[in-house]
Amino acid sequence: MQLLDAFAEGTQGQAEPIVDLNFNLTAEGVLRIARTLEDHDLMWLEVDAFDPVSLAAVRNGSAIPICSGENLYTNRGFRPFFETGAMDVASVDVIWNGFHQAKKIADLAETFEVNCAPHNYYSHLATFISAQWCAAIPNVRILEVDVDDVPWREELTTAVPELRDGLLKIPTAPGWGADIDEDVLRAHPWP
């Protein structure tokens, strides 16, 4: 609670926090937290769940919008969650699902009146791919961008995302909008 109060004070109420609970709680625990956080103006409560019926019960018992799905793959994986009304926002991992399958998921989500947000905590290249996906779907809610990474991150791609006033400019260069600098990649091998 103190962290959310500090966030509200630090942003002067100009930003909506997101609380991500991952797989750490049962439906009962998520509901208890959701009810405790109802007065903190969250954009959403992010919850990973294996069971769509349990997540639907959380959504129905919470005043806070529920975002889920970063652990789901293919439109068939999302379908039972959409059918039970388990989420307000579908968190789609564009990189792990692939662009084409992620587009199919967004199309299916649209038929259930569900907005989408890419699960994007990767590199600038992934941000460019996710930005292209956001531009290709009508039901995008927001684009997640990771700001905490390795110090050489800006050198890894031939372009970096342009962010102004909270908006990301869709890249117009060929392909995804940037390439990997393979010399930088070789200079930082995976341990």
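Structure: above.
Per-chain numbering applies: the sequence of each chain, read as written, is numbered from 1 onward. Local features are withheld for residues below a pLDDT of 70 in this predicted model, meaning they are given only at 70 or higher, and side-chain atom pairs are given and counted only at 80 or more; totals for whole chains, interfaces and linings count all residues. Side-chain metrics rest on all non-hydrogen atoms present in the structure, leaving aside hydrogens and water.

A. Structural view of the side chain of D93. Helix numbers and strand numbers start at the N terminus; a helix is a DSSP run of H or I with at least 4 residues, a strand a run of E with at least 2. Structurally, D93 can be placed in the loop between β4 (89-92) and α5 (94-97). In protein, a polar contact means a hydrogen-donor-capable atom and an acceptor-capable atom, both N or O and within 3.5 Å, with residues adjacent in sequence counting only if both atoms are side-chain atoms; elsewhere, any N or O pair within 3.5 Å suffices. Only 2.9 Å separates the side chain of D93 from the backbone nitrogen of W96, close enough to count as a polar contact. Contact between two residues is taken to exist if any of their heavy atoms lie within 4.5 Å; hydrogens are not considered. D93 has contacts with E70, H119 and Y122, leaving out every residue within four places of it along the chain.

B. A look at the pairing of β4. A 1.4 Å probe rolled over the protein chains alone gives each residue an accessible area, and that area as a share of the maximum for its type sets the label: buried under 20%, exposed over 50%, partly exposed in between. Along β4, one buried face is formed by V89 and S91 and the opposite face, lined by A90 and V92, is buried too. Convention used here: a crossover is right-handed provided that the path from the first strand, over the helix, to the second strand proceeds clockwise when the strands point away from the viewer. What joins strand β3 (residues 66-68) to β4 is helix α4 (residues 74-83), and the crossover it makes is right-handed. Strands are labelled as partners when DSSP assigns at least two bridges between them. Where β4 lies against strand β5 (residues 115-118), four bridges are found, and the strand directions are parallel. Of the residues in β5, the one forming a bridge with A90 is C116.

C. Expanded view of the packing of helix α6 (residues 99-111) against helix α7 (residues 124-136). In this analysis, axes come from line fits to C-alpha atoms, helices being fitted only over the stretch in contact, and the angle between any two N-to-C directions falls in the range 0 to 180 degrees. The interhelical angle for the contact between α6 and α7, taken along N-to-C directions, is 35°, at an axis separation of 10 Å. In the crossing of α6 with α7, the sense of the turn from one axis to the other is right-handed. For the pair α6 and α7, contact is made by F99, A102, K103 and A106 and by I129, Q132, W133 and A136, respectively. Under the grouping applied here, Gly and all other residues not named as nonpolar or charged are polar, the nonpolar ones being Ala, Val, Leu, Ile, Met, Phe, Trp, Tyr, Cys and Pro and the charged ones Asp, Glu, Lys and Arg. Of the residues assigned to the contact of α6 with α7, the class counts are six nonpolar, one polar and one charged. By definition, turning the near helix anticlockwise from the far helix through less than a right angle yields a left-handed crossing, and turning it clockwise yields a right-handed one.

D. Inspection of the sheet that holds β3 at higher detail. The five strands lie next to each other as β1-β2-β3-β4-β5, forming an open sheet whose pairing is parallel. The open sheet has two free edges, formed respectively by β1 (18-20) and β5, since each of these has just one partner strand. Strand after strand, the sheet turns through a mean of 25° between neighbouring axes, direction not considered.

E. Representation of unusual backbone geometry in the model. You will see that Q12, though not glycine, has its phi angle at about 50°, which is positive. For Q12, the location among the structural elements is in the loop between α1 (2-10) and β1. Accessibility expressed as a relative area gives 68% for Q12, which makes it exposed. Positive phi, close to 55°, is recorded for D165, a residue that is not glycine. By the element assignment, D165 lies in the loop between β6 (163-164) and β7 (167-168).

F. Broad picture of the packing of helix α2 (residues 27-37) against helix α3 (residues 52-61). Here α2 crosses α3 at 20°, and the two axes come no closer than 9 Å. By the angle class used here, α2 and α3 are roughly parallel. Our pair here, α2 against α3, has a crossing hand that is right-handed. Residues A27, V30, L31 and R35 of α2 touch α3, and the partners they reach there are S54, A57, V58 and G61. Looking at the contact of α2 with α3 residue by residue, the class counts come to five nonpolar, two polar and one charged. When an angle is under 35 degrees it counts as roughly parallel; over 145 it counts as roughly antiparallel; between 65 and 115 it counts as roughly perpendicular; any other value is oblique.

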